[in-house]
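Coordinate analysis (summary)
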Amino acid sequence: MQFHRLSLALTSATLFLALSGCSGVAAGAHQAVPAQPANGAADHGGDVSDAAAELGDLGPDDGYIAAGERVALSDDVPAVANLDPALREALQASADAAAAAGRDAQFTLVDGWRSARYQQYLFDQAVAEYGSADQAAKWVKSPTESKHVQGEAVDLATADAMDWLNRFGGEFGLCQIYANEPWHFELAADASGTCPPQLEDGSAG
Ligand SMILES: [Zn+2]
């Protein structure tokens, strides 16, 4: 039954990501779906309608991945290239293991490494969205705290990959850290492959 609960959780996550557009909330999506947490808007790139006006000169060199786009682990872009090599290798090893097991899971990313100024932009967006730094911190960390800025976190694009990592990621050191972010993984397992208890959200730890 464990897997049943997992499937339900992932279905919710998939819906959430679909509704949010994952790496950029579709314009007006918040208003259209008020019950959704106003999103990984913060963690995933902000509102599309604001993006063009406010992104300024932020671009791929900052790890920016446009709304609706995703990158592969093999892509030569800063969002991937600037990841901790150990994290990138663990993700590739997981993808290889999933493929070897006959699982058609795409280990693509909507977010990887981000520059500090890109993270600051996301944090500022989140503060505007949620009304306070404390509330924003539930979804996005400051540049000094974000594991994305350190190259030590990725946000996966597909529920298949999230599902695989939730079952087997620990064997490769990979763990979901926050209960409210099923897409966000870091190298956090202990030597026996056990992940730490999930934190409620980004403000919890
Ligand atoms: Zn993340």
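To start, this report covers the structure provided alongside it. Bear in mind the structure is a predicted one, so any value in this text is a computation, not a measurement. (Residues numbered from 1 in each chain as written. Predicted model: local features only at pLDDT ≥ 70, side-chain atom pairs only at ≥ 80, totals over all residues. Heavy atoms only, no water.)

What follows is about the overall build of the chain. Across its full length, the chain carries eight helices and four strands. Classification of the 205 residues of the chain by burial places 47% in the buried group. Within the chain, contacts between residues separated by at least 24 positions form 62% of all contacts whose residues are at least 6 apart in sequence. Working note: accessible area of the chain is about 9500 Å², and carbon and sulfur atoms make up 54% of it. (Helix = DSSP H or I, 4+ residues; strand = E, 2+ residues; numbered from the N terminus. Buried < 20%, exposed > 50% of the residue type's maximum accessible area, 1.4 Å probe, protein only. Contact = heavy atoms within 4.5 Å. Areas by Shrake-Rupley, 256 points an atom, 1.4 Å probe, with all protein chains shown as cover.)

What the rule picks out here adds up to three aromatic pairs. With a centroid separation of 5.7 Å and 75 degrees between ring planes, the pair formed by Y64 and Y118 is classed as edge-to-face. Placement of Y64 in the loop between helix 3 (48–54) and helix 4 (78–81) and of Y118 in helix 6 (residues 116–130) is noted, with a sequence separation of 54 residues between them. Considered together, Y64 and Y118 belong to a single accessibility category, that of buried residues. Each ring, one from Y118 and one from Y121, has its centre 6.4 Å from the other, and the planes form 25 degrees; the classification is stacked. A residue pair is termed a helical-turn pair when its members lie 3 or 4 positions apart in one helix, as Y118 and Y121 do in helix 6 at three residues. What links up through ring pairs into an aromatic cluster is the set Y64, Y118 and Y121. (Phe/Tyr/Trp six-rings, centres within 6.5 Å; stacked < 30°, edge-to-face > 60°.)

Right, let's talk about the layout of surface pockets for a bit. For the largest pocket, the calculated volume is near 160 Å³. Around the largest pocket, the lining residues are A72, L73, S74, Q92, A95, A99, R103, D104, A105, Q106, F107 and T108. The class makeup of the residues in the lining of the largest pocket is six nonpolar, four polar and two charged. (1 Å grid on protein atoms, 1.4 Å probe; cavity = no way out; pocket = protein on both sides within 12 Å on 5 of 7 lines; lining within 4 Å. Points joined across faces, edges and corners; volume = space filled by probe spheres on them. Nonpolar A, V, L, I, M, F, W, Y, C, P; charged D, E, K, R; others polar.)

Turning to the coordination of the zinc ion, a few remarks are in order. Coordination of the zinc ion by the protein is provided by H148 (NE2), D155 (OD) and H184 (ND1), with metal-donor distances spanning 2.1 Å. Between consecutive donors of the zinc ion, the numbers of intervening residues give the motif H-x6-D-x28-H. Placement of the pair is D155 in strand 2 (residues 154–156) and H184 in strand 4 (residues 184–187), with a sequence separation of 29 residues. Accessibility assignment for this pair places D155 and H184 in one class, buried. (Donors = N, O, S within 2.8 Å, 3.2 Å for Na, K, Ca; no water.)

Looking now at helix 5 (residues 85–100). With 16 residues, helix 5 should reach 22 Å at 1.5 Å per residue; the first-to-last C-alpha distance of 22 Å fits that figure. Taken residue by residue, helix 5 has L87, A90, L91, S94, A95 and A98 as its buried positions. With its buried residues spanning 135 degrees around the axis, helix 5 presents them on a single face. Of the exposed residues in helix 5, the ones pointing more than 90 degrees away from its buried face are P85, E89, A99 and A100. For helix 5, the secondary structure elements touched by its buried residues are strand 2, helix 8 (159–168), strand 3 (174–176) and strand 4. Two or three places before A86, at the start of helix 5, stands the capping residue D84, its side-chain oxygen 3.0 Å from that residue's backbone nitrogen. Positioned one or two residues after helix 5, G102 has a phi angle of 85 degrees, which is positive. (Expected span 1.5 Å × (residues − 1). Arc of directions from axis to C-beta. Polar contact = N/O pair within 3.5 Å; in protein donor to acceptor, adjacent residues only side chain to side chain.)

With that out of the way, let us pick up the nonpolar core. Ranked by internal contacts, the top residues of the largest apolar core, which has 25 residues, are L91, F107, L109, V154, L156 and L165. Element by element, the count of residues in this core is highest for helix 5, at five residues. Setting aside chain neighbours within four positions, we find L156 in contact with T108, L109, V110, A161, M162, L165, W183 and F185. With 10 residues, the next largest nonpolar core counts L55, L58, Y118 and V140 among its residues. (Core = buried A, V, L, I, M, F, W, Y, C linked by side-chain atoms within 4.5 Å.)

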